[in-house]
Amino acid sequence: MNIILFLLSFCSKAGLLLCQLFAQSPSSVTVELGGSVTLSCSVSKSYSSNALVWIKQPSGGPSTSIVSFKNNAALFHGGFDNNKRCAIDRSGDSFNLNISNIEASDVARYYCGAIRDTTVRFGSGTSIRLKGSGSVSRRVEQQPASVPVQPGDSVTLQCTIHTETCAGEHSVHWFRHGSGEALPGLIYTHGNRSDPCESSSEPGLPAQGCVYELPKRNLRSSDAGTYYCAVATCGQILFGNGTWLEFAAGSWLAGAGVVAVWALAGLGLV
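Conventions and cut-offs
- Positions within a chain are numbered from 1, following the residues in the order the chain's sequence is written.
- Restriction of local features to residues with pLDDT of at least 70 applies here, the model being predicted, together with a cutoff of 80 or more for giving and counting side-chain atom pairs; totals for whole chains, interfaces and linings are based on all residues.
- Heavy atoms throughout the structure, all of them, feed into the side-chain values; hydrogens and water do not.
- When accessible area is computed with a 1.4 Å probe and restricted to protein chains, residues below 20% of their type maximum are described as buried, those above 50% as exposed, and intermediate ones as partly exposed.
- Numbering of helices and strands starts at the N terminus; helices are DSSP runs of H or I of at least 4 residues and strands are runs of E of at least 2.
- Strand pairing requires that DSSP identify at least two bridges connecting the strands.
- Disulfides are defined as pairs of cysteine sulfur atoms found within 2.5 Å of each other.
- Salt-bridge detection follows one rule: a side-chain nitrogen of Lys or Arg within 4 Å of a carboxyl oxygen of Asp or Glu.
- Per-residue confidence from the predictor is given as pLDDT, running between 0 and 100.
- Two residues form a contact once any of their heavy atoms are found within 4.5 Å.

**Student:** What is the right way to look at the pairing of strand β15 (residues 146–149) in this model?
**Tutor:** On any regular strand, side chains alternate: one points to one face of the sheet, the next to the other face. Residues of β15 alternate between two faces, with V147 and V149 buried on one and S146 and P148 left unburied on the opposite face. Looking at chain direction, β15 and strand β23 (residues 243–247) are connected through four bridges and run parallel. The partner of V147 across the bridge, within β23, is L245.

Shown next as structure tokens:
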């Protein structure tokens, strides 16, 4: 049984070298039922000799490993091993996933990456959407961008999900990226939720909004860092821009971005 234990993360809008190791473009594709699509992934030379993977992240459901590629051989996993609709194109720096005869169950976000040191570093992902299903406006907002604090203080961080509409469950994850840390750490998960969101009348915002809070009590210097909210919903993973807990004494500047990392088990490659 393939079990994927994921540490969800992302690249900041400013971009980071590690985030450019796997270039996925465009961010989303719209396909008709029964159609075909090629999900493109360009792999950095520094990772070209590692085991490569494609992961599927449906909205409100568990992530699944589609295929791994090592020693010039592709190994499909789980329900994809007998699925003739999926194929891999590995040539040069390309590691593309071809899906034919598109079905409704293919609506999800797809990530390519490579295994190194028991973890997988991923690109930013590409979402498959069905033609005629309509576009949905969604974004995650974190305010304020920074909060000045003192040791012993308490603070409540907020994450607001703005969305027109979306059927199905969603999950919310919080990460902290500390000074000098190469990777972010998952600190809390709200789990799968299907609660209705409250209506918003604020001009320029989508009609629905869900607010999630992360209380922090009796702060210590070890709590310093930038806190990010990530939401898996509607076949996408959305990220806030982060809130920086700024300690008045010995404050530090968090890095410009963090890298998408998923911890995997059960692939038989590490």
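Let us keep going from here.
**Student:** Please explain the state of the cysteines as it appears in this structure.
**Tutor:** By definition, a disulfide links two cysteine residues through a covalent bond between their sulfur atoms. Applying the stated criterion across every chain yields a total of two disulfides. Covalent S-S linkage joins C41 and C112, the inter-sulfur distance amounting to 1.8 Å. Taking the torsion about the S-S bond as the criterion, the C41 to C112 disulfide, at about 65°, is right-handed. With C41 in the loop between β4 (37–39) and β5 (42–43) and C112 in strand β11 (residues 108–116), this residue pair connects regions lying 71 residues apart in the sequence. Residue class for C41 comes out buried when judged on its relative accessible area of 2%. Note on C112: relative accessible area 0%, which makes it buried. Shown here is the disulfide that connects C159 with C229, its sulfur atoms set 2.0 Å apart. Judged by the torsion about the S-S bond (-65°), the C159/C229 disulfide is left-handed. One end of the pair, C159, is in strand β16 (residues 155–163); the other, C229, is in strand β21 (residues 225–233), and 70 residues separate them in sequence. Since its relative accessible area comes to 0%, C159 is described here as buried.

**Student:** What's the story with the pattern of salt bridges in this structure? I'm lost.
**Tutor:** For side chains bearing opposite charge, pairing can occur when the charged atoms are close. Applying the stated criterion across every chain, the model contains four salt bridges. Measuring nitrogen to oxygen at the nearest pair gives 3.6 Å for the salt bridge that ties E103 to R85. Here E103, found in the loop between β10 (94–99) and β11, pairs with R85, found in the loop between β8 (73–76) and β9 (86–91); they are 18 residues apart in sequence, far enough to count as distant. E103 gets classed as partly exposed once you look at its relative accessible area, which sits at 34%. Taking relative accessible area as the criterion, R85 reaches 13% and is therefore assigned buried. Residues D223 and K216 are paired through a salt bridge, measuring 3.7 Å at the closest nitrogen-oxygen approach.

**Student:** I would appreciate a short explanation of the confidence of the model for the protein chain in the present structure.
**Tutor:** Overall, the predicted model of the protein chain reaches an average pLDDT of 74, with 68% of residues at or above 70. Per-element averaging of pLDDT across the protein chain places strand β1 (residues 3–5) at the bottom with 31 and β4 at the top with 96. Low confidence marks residues 1–19, where pLDDT is under 50. Its contacts with residues over four positions away, or in another chain, come to 63 contacts. Segment residues 250–270 is flagged for pLDDT under 50; beyond a separation of four residues in sequence, or across chains, it makes 83 contacts in the model.

**Student:** Can you help me understand unusual backbone geometry in this one?
**Tutor:** When glycine is set aside, most residues are seen to have a negative phi, and most peptide bonds are trans. At the junction of S25 and P26, the peptide bond is cis and its omega measures out at 0° in the coordinates. The residue P26 is located in the loop between β2 (22–23) and β3 (28–31) in this model. Cis rather than trans, the peptide bond between Q143 and P144 has omega equal to -5°. Counting through the fold element by element, P144 comes out in the loop between β14 (138–141) and β15. Positive phi, close to 50°, is recorded for N101, a residue that is not glycine. Tracing the backbone shows N101 in the loop between β10 and β11.

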